Amino acid sequence: MEKMTERMVREQLALAKQGGYLIEVHNLPGDDYFNVGFVVGIDPTFCLLISIDWDGKINGLIVIRISSIQSVIKGSDYLTTVSEKTKVAHRYHYFDIFGVQEFLDAQPEITSGNLLGNALQDAYAHQLSVVVGTQKYKGNDDFFGRIVQLDRIQLVLHYFNEHDLSSLWEYRVLLAQVDYLRFRGTQMATGQQIFKDIFPEE
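Reading the values: rules and limits
- Every residue gets a number counted from 1 within its own chain, in the order that chain's sequence is written.
- Local features in this predicted model are restricted to residues whose pLDDT is 70 or higher, and side-chain atom pairs enter the listing and the counts only when it is 80 or higher, whereas totals over whole chains, interfaces and linings include all residues.
- Processing note: side-chain calculations cover all non-hydrogen atoms of the structure and skip hydrogens and water entirely.
- Summary of the burial criterion: residues with accessible area below 20% of their type's maximum are buried, those above 50% are exposed, and those between are partly exposed, where the area comes from a 1.4 Å probe applied to protein chains only.
- We count a stretch as a helix when DSSP gives it H or I for four or more residues in a row; a strand needs E for two or more, and each element gets its number in order from the N terminus.
- Whether two strands pair comes down to DSSP finding at least two bridges between them.
- The rule for a salt bridge is simple: a side-chain nitrogen of Lys or Arg has to be within 4 Å of a carboxyl oxygen of Asp or Glu.
- To obtain each axis, a line is fitted to C-alpha atoms, and for helices this fit is confined to the stretch in contact; angles are then taken between N-to-C directions over 0 to 180 degrees.

Visitor: How should I be thinking about the pairing of strand 3 (residues 46-52) in this particular structure?
Guide: Regular strands place their side chains on alternate faces of the sheet. With seven of seven residues buried, strand 3 is to be regarded as a mostly interior element. Of the two faces of strand 3, the one holding F46, L48, I50 and I52 and the one holding C47, L49 and S51 are both buried throughout. Across five bridges, strand 2 (residues 35-42) lies against strand 3 in antiparallel orientation. Its bridge partner lying in strand 3, I42 is registered against C47. Here strand 3 pairs with strand 4 (residues 58-65) via seven bridges, running antiparallel. Of the residues in strand 4, the one forming a bridge with I50 is L61. Between strand 3 and strand 4, which pair antiparallel and follow one another directly, the connecting turn spans five residues, one of which, G56, has a positive phi of 80 degrees.

This is how it looks when you write it as structure tokens:
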């Protein structure tokens, strides 16, 4: 897949936001994994998507560093399939089981200004679980946990390993190294349950 220039990426994101259509965002090496969603915010550094999973339902929100995006695709057969699945999800009332659209309607300011800062503040203030992806690991590893410290330079995450729940680990991440942040969705709900049951002291 040919890599787009950053200017082309920004143009495609802006068009998708304006048109309200579903896109693929390829921000990780290889074609095995990419994000699908609706663009709801763009700032000079990041974009904000309502993430749609393979079942056609909202999987939460994701903030992605624009400079990390290799290509933006619209109108693919994969997107057509996912779009059809969203119709089924709407029909059977599981399209937005975590209330992401209601959250955005109630907090529209989260879609403008400093998108990463908004997402981090939301998660930190409400002690919500997040998934943090960094430039260092480029999707080969990300970190699933709770932000325990946050300032303008870095965040401190207490995270767990799903294959080893013996303890929590701590990871300090410079905000300049954050490639993507998932929040307010399926993984948030799973993380909250794990913290409640496995790490109640946290």
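Visitor: Help me out: how do you make sense of the pattern of salt bridges in this one?
Guide: Where charged atoms from two side chains of opposite charge approach closely, those side chains can pair. Taken as a whole and judged by the stated rule, the model has eight salt bridges. Where D55 meets K57, a salt bridge forms, and the shortest distance between an N and an O atom there is 3.3 Å. Residue classification places D55 among the partly exposed residues on the basis of a relative accessible area of 40%. Counted as one network, the salt bridges with shared partners bring together D53, D55 and K57.

Visitor: Quick question: what am I supposed to make of the sheet that holds strand 3 here?
Guide: Sheet strands pair via backbone hydrogen bonds, and the direction of the pair is either parallel or antiparallel. Overall, antiparallel pairing links the 10 strands, which are arranged 5-1-2-3-4-10-6-7-8-9 in an open sheet. Edge positions in the sheet fall to strand 5 (71-74) and strand 9 (164-174), since each of these pairs with one other strand and no more. Shown here is a sheet whose adjacent strand axes are inclined to one another by a mean of 40 degrees, direction ignored. One ladder, built from seven bridges, connects strand 8 (residues 154-161) with strand 9; its direction is antiparallel.

Visitor: Could you clarify how one ought to interpret unusual backbone geometry in this entry?
Guide: With the exception of glycine, the majority of residues adopt a negative phi angle, and the majority of peptide bonds are in the trans configuration. Even without a glycine there, the phi angle at H93 is positive, about 65 degrees. Inspection of the secondary structure puts H93 in the loop between helix 2 (77-91) and helix 3 (100-106). The class of H93 is exposed, set by a relative accessible area of 71%. Its identity as a non-glycine residue notwithstanding, Q127 has a phi of 50 degrees, on the positive side. Tracing the backbone through its elements, the reader meets Q127 in the loop between helix 4 (115-125) and strand 6 (129-134).

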